Amino acid sequence: MASSTRPTPQEEKPSYKRLIEWALHTTADQRLCFARLIAFLYPTISMISALGSEYIGHLYPCEMCLWQRKPHYIAIGLMVFSFLLSFIFSKKDSLKGYIRPSEKILTLLAAFSIAVSGFIGAFHAGVEYHWWEGITTCSLPITGNNTQEMFNAIMNAPFVRCDIPAWTLWGISLAGFNAIFSTGAGLVIALLCLNYLPKRR
């Protein structure tokens, strides 16, 4: 009597492979839509996390930390303006042809703004790791010609130093994580927005 063999269940593909397959099957409009979602959600979540760590976790930002927030606020504003503009253009037939170009331009500007935050984060991380000296008073060394001048410099120095990380994980500071994720997010948004992913053959 012949033995019957049961087909083995197909192994589930890793998440990154499924993501690549999804990207290869999408259209240019779908990629632009996905880029716009990332361009809005990423800086929004980043700012909620930053404000939460400040007001709930008591990780107070230094001057250079605040610099990194500003491009995220700009990106959020650009995307809100993009959503409103698309809604307004959709109400008039004569303006519907401008919806996609305006969405693409504003999303690219948001991607650039997010990447700028990442570049500032990279510079700040270098200051924290003492690879180079910072350019703000919160990272400059305390100097003075006499004891009184050094005391005054200490008293006038910002409460939070820019050259000392407030929190690290695996040796990476918050500025370092912002450099990695914001630069990467800006690049991904730009590639999706420009439809620069490979086409499925």
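Treat the numbers as computed from the prediction; the structure is a model and nothing was measured. (Residues numbered from 1 in each chain as written. Predicted model: local features only at pLDDT ≥ 70, side-chain atom pairs only at ≥ 80, totals over all residues. Heavy atoms only, no water.)

In this section: the packing of helix α2 (residues 28–55) against helix α6 (residues 174–193). One can describe the packing of α2 onto α6 by two numbers: an axis separation of 8 Å at closest approach and a directional angle of 155°. When the axes of α2 and α6 are compared, the pair comes out roughly antiparallel. In this structure, the crossing between α2 and α6 has a hand that is left-handed. Between α2, through Arg31, Leu32, Phe34, Ala35, Ile38, Ala39 and Tyr42, and α6, the contact on the second element is made entirely by Asn178, Phe181, Ser182, Ala185, Val188, Ile189, Leu192 and Cys193. Its residues assigned to classes, the contact of α2 with α6 comprises 12 nonpolar, 2 polar and 1 charged. (Axes fitted to C-alpha atoms, helices over the stretch in contact; angles between N-to-C directions. Helix = DSSP H or I, 4+ residues; strand = E, 2+ residues; numbered from the N terminus. Parallel < 35°, antiparallel > 145°, perpendicular 65-115°, else oblique. Left-handed = near helix turned anticlockwise from the far one by under 90°. Contact = heavy atoms within 4.5 Å. Nonpolar A, V, L, I, M, F, W, Y, C, P; charged D, E, K, R; others polar.)

With that out of the way, let us pick up α2. Compared with the 40 Å implied by 1.5 Å per residue over 28 residues, the 41 Å span of α2 between its first and last C-alpha is a close match. Along α2, the residues that are buried comprise Arg31, Leu32, Ala35, Arg36, Ile38, Ala39, Tyr42, Pro43, Ser46, Met47, Ala50 and Glu54. (Expected span 1.5 Å × (residues − 1). Buried < 20%, exposed > 50% of the residue type's maximum accessible area, 1.4 Å probe, protein only.)

Averaged over all residues, the pLDDT of the protein equals 77, while 72% of them reach at least 70. Averaged pLDDT values for the elements of the protein fall to 56 in helix α5 (residues 147–156) and rise to 89 in helix α3 (residues 63–90). (pLDDT = per-residue confidence, 0-100.)

Here the focus is the packing of aromatic side chains. Within the structure shown, the criterion is met by 2 aromatic pairs. Both rings, one in phenylalanine 40 and one in phenylalanine 83, keep their centres 5.6 Å apart while their planes meet at 75°; by these two values the pair is edge-to-face. With a gap of 43 residues between them, phenylalanine 40 in helix α2 and phenylalanine 83 in helix α3 connect regions that are remote in the sequence. Judged by its relative accessible area of 24%, phenylalanine 40 falls in the partly exposed class. Residue classification places phenylalanine 83 among the partly exposed positions, given a relative accessible area of 31%. Note on phenylalanine 177 and phenylalanine 181: the rings are 6.1 Å apart at their centroids and 10° apart in plane angle, and the pair reads as stacked. Of this pair, phenylalanine 177 and phenylalanine 181 both sit in helix α6, 4 residues apart, which is roughly one turn of the helix. Taking the relative accessible area as the measure of exposure, phenylalanine 177 reaches 16% and is therefore buried. (Phe/Tyr/Trp six-rings, centres within 6.5 Å; stacked < 30°, edge-to-face > 60°.)

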